[in-house]
Amino acid sequence: MSPPLPPPSILLLEGSRVWERERKPPQPGELPSPLPTKRTRTYSATVRARSGPVFKGVCKNFSRSQGHGFIRPSHGGEDIFVHISDIEGEYVPMEGDEVTYKVCPIPPKNQKIQAVDVMITHLNPGTKHETWSGQIISS
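What counts, and at which threshold
- Residues numbered from 1 in each chain as written.
- Predicted model: local features only at pLDDT ≥ 70, side-chain atom pairs only at ≥ 80, totals over all residues.
- Heavy atoms only, no water.
- Helix = DSSP H or I, 4+ residues; strand = E, 2+ residues; numbered from the N terminus.
- Buried < 20%, exposed > 50% of the residue type's maximum accessible area, 1.4 Å probe, protein only.
- Arc of directions from axis to C-beta.
- Contact = heavy atoms within 4.5 Å.
- Core = buried A, V, L, I, M, F, W, Y, C linked by side-chain atoms within 4.5 Å.
- Pairing = 2+ DSSP bridges.

### Observations concerning unusual backbone geometry
- In this structure, Asp117 takes a positive phi of about 50° despite not being glycine.
- Considering the arrangement of structural elements, one finds Asp117 in strand 6 (residues 112-122).
- On the basis of relative accessibility, which here comes to 21%, the residue Asp117 falls in the partly exposed class.

Next up, the structure:
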């Protein structure tokens, strides 16, 4: 007897048109996230963010279980929000990791920004890092 197959929605690739059609509206009492993720960001906002300058910073904190964290810009200023969907590469960011990122305004008022296209450039030495697949390595 073969193991049961997962539901078809799990087999769909994120970002595909089929995935977007299969997305279910929020359940009663459940609020949609006000922050644009890679999947919910508009095409024009994505193009503007990708064409913008690259900034450097240090990961202040990141919670894999909550799916977000903050980056401390190297040029100073307020900490910048980062969502799990905007992190590129194989490692989960840890406190002290050096990163590069671009920025995108957070709607509806566009007064704050969030980091997008986040890449870890240097792992914080002496800490254990985890890959997205769950493997732990020491740096």
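Next comes the rest of the write-up.
### A look at helix 3 (residues 43-51)
- Looking only at helix 3, the buried set comprises Ala45, Thr46 and Ala49. Down the axis of helix 3, the buried side of the element spans an arc of 100°, and every buried residue falls inside it. What points out from helix 3, more than 90 degrees from its buried face, is the exposed set Tyr43, Arg48 and Ser51.
- Tucked into the core, helix 3 has its buried residues touching strand 5 (98-106) and strand 6.

### Description of the nonpolar core
- Counting twelve residues, the largest nonpolar core consists of Cys59, Phe62, Ile71, Ile80, Val82, Ile87, Val92, Val99, Tyr101, Ala115, Val118 and Ile120.
- At the level of elements, strand 1 (55-63), strand 3 (80-83), strand 5 and strand 6 are the ones that each hand at least two residues to this core.
- The leading source of residues in this core is strand 6, at three residues.
- Residues contacting Val118, with those up to four places away along its chain left out, are Ile71, Val82, Asp86, Ile87, Glu88, Val99, Thr100 and Tyr101.

### Describing the pairing of strand 6
- Taken together, the two bridges between strand 3 and strand 6 define a ladder with parallel strand orientation. Along strand 6, the bridge assignment pairs Val82 with Ala115.
- Pairing geometry for strand 5 and strand 6, over eight bridges, is antiparallel. By the bridge assignment for strand 6, Thr100 is matched with Met119.
- The hairpin turn running from strand 5 into strand 6, its antiparallel successor, is five residues long, and Asn110 in that turn takes a positive phi close to 55°.

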